[in-house]
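An overview of the molecular structure
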Amino acid sequence: MKRPKLKKASKRMTCHKRYKIQKKVREHHRKLRKEAKKRGHKKSRKDPGIPNSAPFKEALLREAELRKQQLEELKQQQKLDRQKEEKKRKLETNPADEPSNVESVEEFEQSKTKRAKLTKQNPKTVHCQELKKVIEVSDILLEVLDARDPLGCRCPQVEEVIVKSGHKKLVLVLNKSDLIPKENLENWLNYLTKELPTVVFKASTNLKDKGKITKVKVKKKAVLLKSNVCFGKEGLWKLLGGFQETYSKPIQVGVIGFPNVGKSSIINSLKQEQICNVGISMGLTRSMQAVPLDKQITIIDSPSFIVSPLNSSTALALRSPASIEVVKPLEAASAILSQADARQVVLKYNVPDYKNSLEFFTNLAQRRGFHQKGGSPNVERAAKLLWSEWTGASLGYYCQPPTSWTLSPHFNESIVADMKRGFNLEELEKNNAHNIEAIQGPCSANSILFWSLGLTNGIMEEKDIPELSKQRERKQEEREDDRDTKKISDMSPIEETSEEALPEEPIIAGEASTRSFIISDEKTKEDDAYDFSKDYV
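Quick look at the structure, then.

Rules used throughout
- Residues numbered from 1 in each chain as written.
- Predicted model: local features only at pLDDT ≥ 70, side-chain atom pairs only at ≥ 80, totals over all residues.
- Heavy atoms only, no water.
- Helix = DSSP H or I, 4+ residues; strand = E, 2+ residues; numbered from the N terminus.
- Buried < 20%, exposed > 50% of the residue type's maximum accessible area, 1.4 Å probe, protein only.
- Pairing = 2+ DSSP bridges.
- Axes fitted to C-alpha atoms, helices over the stretch in contact; angles between N-to-C directions.
- Contact = heavy atoms within 4.5 Å.
- 1 Å grid on protein atoms, 1.4 Å probe; cavity = no way out; pocket = protein on both sides within 12 Å on 5 of 7 lines; lining within 4 Å.
- Points joined across faces, edges and corners; volume = space filled by probe spheres on them.
- Nonpolar A, V, L, I, M, F, W, Y, C, P; charged D, E, K, R; others polar.

Once that is clear, we can look at the environment of Lys202. On the secondary structure map, Lys202 appears in the loop between strand S3 (198-200) and helix H7 (233-247). On the accessibility criterion, Lys202 (6% relative accessible area) is buried. Note: C-alpha distance between Lys202 and Ala147 (55 residues apart in sequence) is 9.7 Å.

The pairing of strand S5 (residues 289-292) with strand S6 (residues 297-301) spans 4 bridges and is antiparallel. Along S6, the bridge assignment pairs Ala290 with Ile300. Hairpin geometry of S5 and S6 is characterised by an intervening segment of 4 residues between the two adjacent antiparallel strands.

Turning to the sheet that holds S5, a few remarks are in order. An order of S3-S2-S1-S4-S6-S5 is seen for the 6 strands of this open sheet, with the pairing classed as mixed. Every interior strand has two partners, whereas the edge strands, S3 and S5, have only one. Direction aside, neighbouring strands of the sheet carry axes that sit 25° apart on average. With respect to the sheet, helix H4 (residues 123-137) is in contact with strand S1 (140-146), strand S4 (251-256) and S6, its orientation differing from that of S4 by roughly 145°. Most of the contacts of helix H8 (residues 263-271) go to S6, to which it runs at about 150°, and overall it touches S1, strand S2 (169-175), S4, S5 and S6.

A word on empty space enclosed by the protein. One pass over the full model with this rule turns up 3 cavities of 30 Å³ or more. Estimated volume of the largest cavity: approximately 60 Å³. In terms of lining residues, the largest cavity is bounded by 13 residues, among which Asp146, Asn260, Leu318, Arg319 and Thr391 are the most central. Breaking the lining of the largest cavity down by element, the ones donating at least two residues are helix H9 (313-319) and helix H13 (379-391). Across the lining of the largest cavity, the residue classes tally to 6 nonpolar, 3 polar and 4 charged.

Looking now at unusual backbone geometry. If you check the backbone angles, Gln272 has positive phi at about 65° while not being a glycine. Note that Gln272 resides in the loop between H8 and S5. Positive phi, close to 55°, is recorded for Asn350, a residue that is not glycine. Tracing the sequence through the fold places Asn350 in the loop between helix H11 (342-349) and helix H12 (357-368).

Put into structure tokens, the structure is as follows:
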């Protein structure tokens, strides 16, 4: 049987030709590499990031995130400006199309101006507006408290607004409960449950963008990743589910609180995936975000409370985010240090005894190797380290609850009873007791004692924001100045006319001659003043 003829031409070639081609290819690649070397283009190396051993890692990451946010805002503003310019050009080039598209253009410009206003608006006003929206929409409000200072995380102004707004329920959530001793956690739970339903919670931080919490298979690493396990999730689910059954309608749950208490982390832990933006820097959430937990329950994330400037320096240092407020690390850190137990601080940071905050920061800078040019200790950097640790979620410190319990001024017995109605408090108590046993908190000897200054005042109304009130005062002063100038301008022509109306005095010939005689007499006196007999050397 004959082989059929191949249609395709053979690719076989002589070795001489093949080697020649390979040589040419090698030469070509070498030439390209040389040119690239001359131009100076190198392969972009992957950023290794900040090492975990760096003590100032949190502060640097916070600064980087702030810079990133500012750049994004700037880009958005530039984009809006560019679009406006393009519209103007189009209108100039096509004047015939102007009458037909006037309405659409106006609507578009209005929407753009609204967006621009939001970006240009004071961030404090945006926070106030968004917080009011969350309180209006929600049926239950979860006020998240940092277990290290629960009283300092409560805002009487916000709680008063919730009480006045009608039949809304307020529940306290003690987050970061793994950073304080068990005895202290139990004492705080007993103190807070007398007033409002309280849930012991520990949010999970090891969550992926899509998917559930990562399971650790290796037993050796289980001790290190214990903080990534969530506690109190089941208890909170049952509490919300039980209320929804009694309410017999779909409910909306708002999560509110001061910055860096873990509002977004609680929502992510309940949903078991990273939906809300979470980071080290304070005040990342800037607008409300609704997240459906199931068909009946929707949870809403909110921006943080705004701290009133009338508070103590310690409260301002712990509760004011750097994205909104201008925080001076040295002042903030020294204010925090003044309220902490000096003996335990010395043991924690492994520095010698100190008389004042400046001495402590110099010792800490020398201990950590923070030096400026010339070898002097970098006190500012040491203060920034302390401030970032105390506002972050790694340092263990605790406050003692007040010895005698007193009801808050914005509550009474009927309001307290109404807030507790509709919740299964017995089941909540059992869940809290189980969570306290499961959570492995630090010993009281290893954590620092901190003296809380009580409730922290916040700002709910836009008129109470100090920056805006100053702006209003300036505007009023400017208006008053304008009125004064207008009055003066109205008065000035009358004066001019009066001056013009006055008759000019006639100059008599005799008077003119006498005046000229006086002037000539003065000149002669001046000439006679020089004495030629003296030798002026």
